[in-house]
Amino acid sequence: MNSYPKTTPAIEVNGLEVTFDSQWVLKNFSLALVPGEKVTLTGPSGSGKSTVLKCLLGLVTPDAGSIKIHGQPLNSHNIWKIRQQLAYVAQEPDLGTGTVSDIIEKPFGYKANLHLRDNLNLLPEIMNKFNLPQSLLAKKISILSGGEKQRIALVTAILLDRSIVLLDEASAALDKENKQIVADYFRQTDNITVLSVSHDTEWLDFASRKIDIREHNNIFGEKNGPDP
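Residues numbered from 1 in each chain as written. Predicted model: local features only at pLDDT ≥ 70, side-chain atom pairs only at ≥ 80, totals over all residues. Heavy atoms only, no water.

Chemist: I'm lost on the sheet that holds strand β1 (residues 11-20) in this one. Help?
Modeler: Sheet strands pair via backbone hydrogen bonds, and the direction of the pair is either parallel or antiparallel. Within the open sheet, the four strands sit side by side as β2-β1-β4-β5. Their pairing is antiparallel. Because the sheet does not close on itself, it has two edges, and the strands there are β2 (23-33) and β5 (72-73). One ladder, built from seven bridges, connects β1 with β2; its direction is antiparallel. Paired with Leu-16 across the strands is Phe-29, a residue of β2. Contacts between helix α1 (residues 49-56) and the sheet are confined to β1, β2 and β4 (64-69), with β1 contributing the most and set at about 115° to the helix. (Pairing = 2+ DSSP bridges. Helix = DSSP H or I, 4+ residues; strand = E, 2+ residues; numbered from the N terminus. Contact = heavy atoms within 4.5 Å. Axes fitted to C-alpha atoms, helices over the stretch in contact; angles between N-to-C directions.)

Encoded structure:
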């Protein structure tokens, strides 16, 4: 498993600014997580929570500010390398088509992940931890429930040895028991940093730190438009 010095933030965001259609989404937003920390971003819909995750993944290019992952600046030159340290699980994961086994094994066929292929030997253990029966591997991904898809996405992220997991309402489809199982796993895993976005009051207790994005995003209390 990956390990990084605790003195270097796993995620470091400084002065991030994003506008869409001349409207501020994030203004002077900053955030830092130490390796192994579990942080949940809260706030109303449209307050910029998911945009933060998209910026970290390089899917949204900020107008200003900087992002570092384990001390490495995120830019167009190293985005693919940095993405190898990140896993993203959405509220409704798009896992593609085929059997569950196909979906889990597919990323290990890519050149960047070939050295991790032996991690597939851990699949039975991880599935058991996430309350997923082995018989699920032969089923088509299309017939799985939302909660099963979320857990399969999490299992894949863990097998790919991602040091940072980004969760966007990823507990939404989980029942109380499985929500607790997932939360307990991450809470007890010191070498995985988790940044989650959630409205789920049951999920909030999982985090070691909860941050209301409105307290760090300067558009709140100001006019919602870029400065002249």
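Chemist: Any chance you could explain the packing of aromatic side chains here in plain terms?
Modeler: Each pair of aromatic rings is reported with the distance of its centres and the angle of its planes. Counted by the stated rule, this structure contains two aromatic pairs. Here the aromatic rings of Tyr-185 and Phe-186 are separated by 5.6 Å at their centres, their planes lie at 80°, and the arrangement is edge-to-face. For the pair shown, Tyr-185 and Phe-186 are each scored as buried. Above the face of the Trp-80 ring, Arg-83 is positioned so that its terminal group lies 4.7 Å from the ring centre. (Phe/Tyr/Trp six-rings, centres within 6.5 Å; stacked < 30°, edge-to-face > 60°. Buried < 20%, exposed > 50% of the residue type's maximum accessible area, 1.4 Å probe, protein only. Lys NZ or Arg CZ within 6 Å of the ring centre and 35° of its normal.)

Chemist: Would you take a moment to explain the nonpolar core for this structure?
Modeler: One recurring pattern in soluble globular proteins: nonpolar side chains tend to sit buried together. Core analysis: the biggest nonpolar cluster contains 38 residues, and Phe-130 and Phe-186 have the highest contact counts within it. Contact partners of Phe-130, with chain neighbours within four places excluded, come to Arg-151, Leu-154, Val-155, Ile-158, Asn-178, Ile-181, Val-182 and Tyr-185. One finds Ala-10, Ile-11, Leu-33 and Ile-79 within the second-largest nonpolar core, a separate group that totals 30 residues. (Core = buried A, V, L, I, M, F, W, Y, C linked by side-chain atoms within 4.5 Å.)

Chemist: Can you walk me through the pairing of β4 in this structure?
Modeler: Taken residue by residue, a regular strand's side chains alternate between the two faces of the sheet. Relative to β4, β1 runs antiparallel, the two being bridged by five bridges. Within β4, the residue paired with Glu-17 across the bridge is Ala-64. Relative to β5, β4 runs antiparallel, the two sharing two bridges. Bridge pairing links Lys-68 to Pro-73 in β5. In this structure, the hairpin formed by β4 and β5 is closed by a connection of two residues, where His-70 is found at a positive phi of approximately 50°.

Chemist: Just to check I follow, could you spell out the environment of Ser-208 for this structure?
Modeler: Among the structural elements, Ser-208 can be located in the loop between α7 (201-204) and β9 (209-212). Taking the relative accessible area as the measure of exposure, Ser-208 reaches 53% and is therefore exposed. Between the C-alpha atom of Ser-208 and that of Thr-19, which follows or precedes it by 189 residues, the distance is 30 Å. Dropping the residues within four chain positions of it, Ser-208 is found in contact with Glu-37 and Lys-38. Within the local environment of Ser-208, its side chain forms a polar contact with the backbone oxygen of Lys-38, the two atoms lying 2.8 Å apart. (Polar contact = N/O pair within 3.5 Å; in protein donor to acceptor, adjacent residues only side chain to side chain.)

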